[in-house]
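Results of the structural survey
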Amino acid sequence: MSATPHTEEPAPVTGGLSQKGLSAGTVGLIGAVVIGISCIAPAYTLTAALGPTVSEVGFQVPAIILVGFIPMLLVAFGYRELNRSMPDSGTSFTWAARAFGPWVGWMAGWGLIAATILVLSNLAGIAVEFLFLLIDQIAGSPGTIAELAFNPFINVAVCLLFMLGATLVSYRDMQTTQKLQYFLVGFQVLVLLVFSITAFVQVAQGNAFDASPIELSWFNPFAVGSVGAVVAGLSLSIFIFWGWDVTLTMNEETKDPEKTPGRAATLTVITIVVLYLLLSISLLSFAGIGTGELGLGNEDIQSNVFFYLSGPILGPLAFLVSLAVLTSSASSLQSTFVSPARTLLAMGHYGALPSSFAKVSPRFFTPGYATIVASIVASAFYAVMRFISEDVLWDTITALGMMICFYYGITAFACVWYFRKQWFDSARTFVFTLLFPLVGGVILAALFVMTLVDSMNPDYGSGSNIGGVGLVFILGVTVIVLGVIIMIWQAVRRPAFFRGETLSMDAPASLRRR
């Protein structure tokens, strides 16, 4: 039986951390890892990212996955240390505010909210496309049914239904979310393992499209031959790992909140990297990197590699892969609601946003108001953009990588600065509160700047531009500037938070000097 949820009114503001009324002790380690994997959506993410990554780095995809894994793991250690000291559902917002002050904290929270709400709309749209693709595949009507997904009226209508379903589940208690995700993630991972293992079997039996023997050079990033290609591949790999931090935003609802979320984040990242390596190696071995019909270098199949390879690898069971990708996007749609809703809850609780965001459902003990607002904004954004301009819609998603680096980087640096008095207390504190998060933060900051510069090119993303400046750059900067404008408006309306009265800065003292 879970712990009794906190139902009392928020305590008077004192500048310290406080509970928000969420249901405590309802999420265990396994449940947190499952929700973390769900949020990353490995099936959907890799089927879309594998082809473009091959185009950039060839057979060195496993190397790029490992290189992309490094900053994620280093930052995850920083998140773990911050959570151990300050378990709070506001995560990046709360931690950055405690380390750097309310202004930086507010922008860190904005970065997380903007990134997750943007991807919510994308996930719903992707789920629609894969639903019709799956129906088309089962019905045996090549292209006929699948084309319906590109009718904007049908697409938006079904998209909104997906969004409604995800919102209803997210509004309910975390136990409902866990039960749903156990099934969806379990099915997804099982199909991906069967897909990968069968690809190896096909290679061993001589049935591969372009059999390529596995070589150690596949794991060597220096074999890529171009720094630009490594950076491009690294940017893609940052995207495919994003989402693990959802395990931390549930910290007020987990068992042993000081330890479980951090462990779950580390286990999630490690599980995902193993799964990605297994899939990428098996498909590289089966299909090669050529531009032939099923080669991973063929641009015609790169938007959905799994779909085109599932038939040659699994035969009549190919539809299971499409179902797994649909399951992946749909489950991620639901679990991704966890992060923005709880960040908005924390911002409302500490007075950084209107107090209505601090409302918790009296029945389910979830951030009901924040969940509904996130759903409405994501749905409205997708619907409007789908009718106005798909280029703007997809370029906004392309700008997502910029936002990920933005708030992950701030959080990594927050860990470094918050624990500054404890850096040299022990070898452990030096590594986990200074070295690892600092290196991870620097890598992400460098990627943010490089992406910002590259996106100014009018050929970046969809190729759309305004006045010769790439649309991705304009959209990314617009999202950040919009955050600054809203922050200034909130500072005028709610000065207490920005004076540090509701959430004050802090730096724990050295343990050696006590």
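It should be emphasised that the depicted structure is a prediction, and the values quoted were computed from it without experimental measurement.

1. A closer look at the environment of Ala 399
Here Ala 399 shows up in the loop between α15 (390-398) and α16 (400-418). With 343 residues separating them along the chain, Ala 399 and Glu 56 place their C-alpha atoms 19 Å apart.

2. A few points about helix α1 (residues 29-40)
Look at α1: 17 Å from first C-alpha to last across twelve residues, which is about the 16 Å you get at 1.5 Å a residue. The element α1 is largely enclosed, with a buried count of ten among its twelve residues. Taken as a whole, α1 has its buried residues at Gly 31, Ala 32, Val 33, Val 34, Ile 35, Gly 36, Ile 37, Ser 38, Cys 39 and Ile 40. Remark: Ala 41 follows α1 within two positions and exhibits a positive phi of approximately 55°.

3. Here's the deal with the pattern of salt bridges
Per the stated rule, a full pass over the model turns up eight salt bridges. Between Arg 428 and Glu 81 there is a salt bridge, with the nearest N and O atoms lying 2.8 Å from each other. Taken as a pair, Arg 428 in helix α17 (residues 427-454) and Glu 81 in helix α3 (residues 61-85) lie far apart in primary sequence, 347 residues in all. On the basis of relative accessible area, Arg 428 is assigned to the partly exposed category, the value being 34%.

4. Observations regarding α3
The end-to-end C-alpha separation of α3 is 37 Å, in line with the 36 Å expected for 25 residues at 1.5 Å each. Most of α3 sits inside the fold, with 20 of its 25 residues counted as buried.

5. Some words on the environment of Ala 146
By secondary structure assignment, the location of Ala 146 is in the loop between α5 (102-139) and α6 (152-171). Judged by relative accessible area, which is 12%, Ala 146 ranks as buried. A sequence separation of 32 residues divides Ala 146 from Ala 114, and the C-alpha atoms of the two residues are 30 Å apart. Setting aside chain neighbours within four positions, we find Ala 146 in contact with Phe 132, Leu 133 and Asp 136.

6. Brief notes about the packing of aromatic side chains
Across all of its chains, the model carries 25 aromatic pairs by this definition. Seen from their ring centres, Phe 357 and Tyr 369 are 5.3 Å apart, and the 80° between their planes marks the pair as edge-to-face. Of the two residues, Phe 357 is situated in the loop between α13 (338-349) and α14 (368-388) and Tyr 369 in helix α14; the sequence distance between them amounts to twelve residues. Pairwise contacts between aromatic rings join Tyr 79, Trp 95, Trp 244, Tyr 407 and Tyr 408 into one cluster. Its guanidinium or amino end placed over the ring of Phe 432, Arg 80 lies 4.6 Å from that ring's centre, counting from NZ or CZ. We note Lys 359 situated over the ring of Tyr 369; from NZ or CZ to the ring centre the distance is 5.7 Å.

Analysis parameters
Residues numbered from 1 in each chain as written. Predicted model: local features only at pLDDT ≥ 70, side-chain atom pairs only at ≥ 80, totals over all residues. Heavy atoms only, no water. Helix = DSSP H or I, 4+ residues; strand = E, 2+ residues; numbered from the N terminus. Expected span 1.5 Å × (residues − 1). Buried < 20%, exposed > 50% of the residue type's maximum accessible area, 1.4 Å probe, protein only. Salt bridge = Lys/Arg side-chain N within 4 Å of Asp/Glu carboxyl O. Contact = heavy atoms within 4.5 Å. Phe/Tyr/Trp six-rings, centres within 6.5 Å; stacked < 30°, edge-to-face > 60°. Lys NZ or Arg CZ within 6 Å of the ring centre and 35° of its normal.

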